[in-house]
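Chains, contacts and geometry: an overview
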Amino acid sequence: VDVVASGEGEETLLEVVRCMRDGSSLEKVLGIAYRDGETIRRNPPRPRIRDLGKIPYPAYEHVDMREYSRGAAADHIPLGVLSARGCPYACTFCDIPGVWGGCTVSRSVTDVVAEVELLKAEFAIPRLHIVDDTFVLSKDRVLEFCRCLEERALDLPWSCFGRVDLMDREILEALASANCERVFYGIESGSDLMLERIDKRFTIERAFSVVRQTLDYMQADVSSIWGFPFEQLEDFYDTIIALLDMQQMGAESRLNMLAPLPSAEMSRTFVKQIMPLRGREVGWASAMSDNLTFAGSLARK
């Protein structure tokens, strides 16, 4: 590896390519680590891009879009559209706070809807997914986005990531009216003790209430994690029971093995307990990728 970009790469990559083209030094390129002979050098970080609207849309014309437009089946991978970068929350197992520093930067709703219109008009995309870590962060912005989709009569099924403590019926009604067909929730645990320790900022009772409300309007997907280093068998049972109950309510449930990346607070706090295992999902979904997980108290029961 010659160069690694840290953080947003659009501006960084251009500067790296220009330096390589001109044969000039990389020492002034912000946001990279690079190899200088036998030495590894790390430059100062690059400031966040505050105007995401100045970044061009992905070069869709260079991608075989047939894989995204061949059907709209529920199990078909939808095209992802990003409307914001970052998340202000600090869930301890999550790498996002370490990557973005708790700061969220959003594109204008007009710009996002224009990209959606382009995708439907030029590539006949049958459905899409808003890939923001916390799409429902701003209620006013969600409502504006939904109004714009309706005004343009796009009639395009889509999905997004929700958050239990931010949802209400007004948001759900707006999402449903704008043809949102699915909301994903990171429930993470059925144990209030675990939810408190990982800083989720809601209770399992609140999670049940929101999932019930969501199912009145659209499909709800719920995901939980097992293998926290401080998790006891009783907490694990609570999670299994909660997922089964939500599944019986009509939600789609899945249980994932804990796999914190190095930027997650939990990775730093419990670094001595990390052990390499092959990553897997247990119960409701198939294996995904190799990862790191913890050898916690549950494994020793």
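Residues numbered from 1 in each chain as written. Predicted model: local features only at pLDDT ≥ 70, side-chain atom pairs only at ≥ 80, totals over all residues. Heavy atoms only, no water.

With that out of the way, let us pick up the confidence of the model for the protein chain. The pLDDT averaged across the protein chain works out to 86; a share of 87% of its residues lies at or above 70. A low-confidence stretch, residues 275-301 stays under pLDDT 50, and its non-local contacts, those more than four residues away or across chains, total 63 contacts. (pLDDT = per-residue confidence, 0-100. Contact = heavy atoms within 4.5 Å.)

Moving on, we come to the nonpolar core. With 52 residues, the main nonpolar core has Phe 135, Phe 145, Trp 158, Leu 175, Tyr 185, Ile 187 and Met 246 as its most contacted residues. Those residues in contact with Trp 158 that sit more than four places away from it in its chain are Leu 128, Ile 130, Phe 135, Phe 145, Cys 146, Leu 149, Leu 175, Ala 178, Asn 179, Cys 180, Glu 181 and Arg 182. Core analysis: the second largest hydrophobic core is formed by ten residues, Cys 91, Met 194, Leu 258 and Met 266 among them. (Core = buried A, V, L, I, M, F, W, Y, C linked by side-chain atoms within 4.5 Å. Buried < 20%, exposed > 50% of the residue type's maximum accessible area, 1.4 Å probe, protein only.)

Turning our attention to the pattern of salt bridges. A full pass over the atoms with the stated rule returns 20 salt bridges. Of the charged contacts in the structure, one is a salt bridge between Lys 54 and Glu 11, with a shortest N-O distance of 3.3 Å. Residue Lys 54 is found in the loop between β3 (39-42) and α2 (66-69), and its partner Glu 11 is found in helix α1 (residues 10-22); the two are separated by 43 residues along the sequence. Judged by relative accessible area, which is 27%, Glu 11 ranks as partly exposed. A salt bridge links Arg 169 to Asp 216, with the nearest nitrogen and oxygen atoms 3.1 Å apart. Of this pair, Arg 169 sits in helix α6 (residues 169-177) while Asp 216 is found in the loop between α8 (204-215) and β10 (219-226), placing the two residues 47 residues apart along the sequence. The class for Arg 169 is partly exposed, based on a relative accessible area of 35%. It is possible to trace a salt-bridge network through shared partners that takes in Glu 8, Glu 10, Arg 48 and Arg 85. (Salt bridge = Lys/Arg side-chain N within 4 Å of Asp/Glu carboxyl O. Helix = DSSP H or I, 4+ residues; strand = E, 2+ residues; numbered from the N terminus.)

Reading across the sheet, the three strands line up as β1-β2-β3 and stay open at both edges, with antiparallel pairing between neighbours. Looking along the sheet, the strands with just one partner apiece sit at the ends: β1 (3-5) and β3. Mean inter-strand twist for the sheet, computed between neighbouring axes without regard to direction, equals 15°. Bridging between β1 and strand β2 (residues 32-36) involves three bridges; their strand directions are antiparallel. Of the residues in β2, the one forming a bridge with Val 3 is Tyr 34. (Pairing = 2+ DSSP bridges. Axes fitted to C-alpha atoms, helices over the stretch in contact; angles between N-to-C directions.)

As a further point, take the packing of helix α5 (residues 139-151) against α6. Two elements in contact, α5 and α6, have axes whose closest approach is 9 Å; the angle formed by their N-to-C orientations is 25°. Between α5 and α6, the crossing angle belongs to the class labelled roughly parallel. The crossing of α5 and α6 is left-handed. For the pair α5 and α6, contact is made by Lys 139, Val 142, Leu 143, Cys 146 and Glu 150 and by Glu 170, Ile 171, Ala 174, Leu 175 and Ser 177, respectively. Per-class residue counts for the contact of α5 with α6 are six nonpolar, one polar and three charged. (Parallel < 35°, antiparallel > 145°, perpendicular 65-115°, else oblique. Left-handed = near helix turned anticlockwise from the far one by under 90°. Nonpolar A, V, L, I, M, F, W, Y, C, P; charged D, E, K, R; others polar.)

Structurally, Thr 92 can be placed in the loop between β5 (84-85) and α3 (96-100). With a relative accessible area of 9%, Thr 92 lands in the buried category. Look past the residues within four positions of Thr 92 in its chain and what remains in contact with it is Arg 197, Ile 198, Asp 199, Ala 264, Glu 265 and Met 266.

This part is about a negative patch on the surface. A cluster of acidic residues, Asp 192, Glu 196, Glu 205, Glu 234 and Asp 238, forms a negative patch at the surface. Taken together, the elements giving at least two residues each to the negative patch come down to α7 (192-197) and α9 (233-249). By the secondary structure assignment, Glu 205 is in helix α8. (Patch = residues over 30% accessible without salt bridge, like charges linked within 9 Å, V, L, I, M, F, W, Y side chains within 5 Å. Areas by Shrake-Rupley, 256 points an atom, 1.4 Å probe, with all protein chains shown as cover. Lys, Arg positive; Asp, Glu negative; His and termini not counted. Charge placed at Lys NZ, Arg CZ, Asp CG, Glu CD.)

Following the sequence through the fold, Arg 48 ends up in the loop between β3 and α2. Looking at Arg 48, its side chain comes within polar contact range of the main-chain oxygen of Arg 85, at 3.3 Å. Setting aside its immediate chain neighbours within four residues, Arg 48 contacts Glu 8, Arg 85, Trp 100, Cys 103 and Val 105. (Polar contact = N/O pair within 3.5 Å; in protein donor to acceptor, adjacent residues only side chain to side chain.)

Let us now look at the packing of helix α4 (residues 109-123) against α5. Close contact between α4 and α5 brings their axes to 10 Å; oriented N to C, the two are set at 40°. Taken as axis vectors, α4 and α5 run oblique relative to one another. By crossing handedness, the relation of α4 to α5 is classed as right-handed. Residues Val 109, Val 112 and Val 113 of α4 form the contact with α5, whose participating residues are Arg 141, Glu 144, Phe 145, Cys 148 and Leu 149. In the contact of α4 with α5, the residues fall into six nonpolar, no polar and two charged.

The terminal C-alpha atoms of α4 lie 21 Å apart, and with 15 residues this matches the ideal 21 Å at 1.5 Å per residue to within 8%. Phi for Ala 124, located one or two positions after α4, is positive at around 50°. (Expected span 1.5 Å × (residues − 1).)

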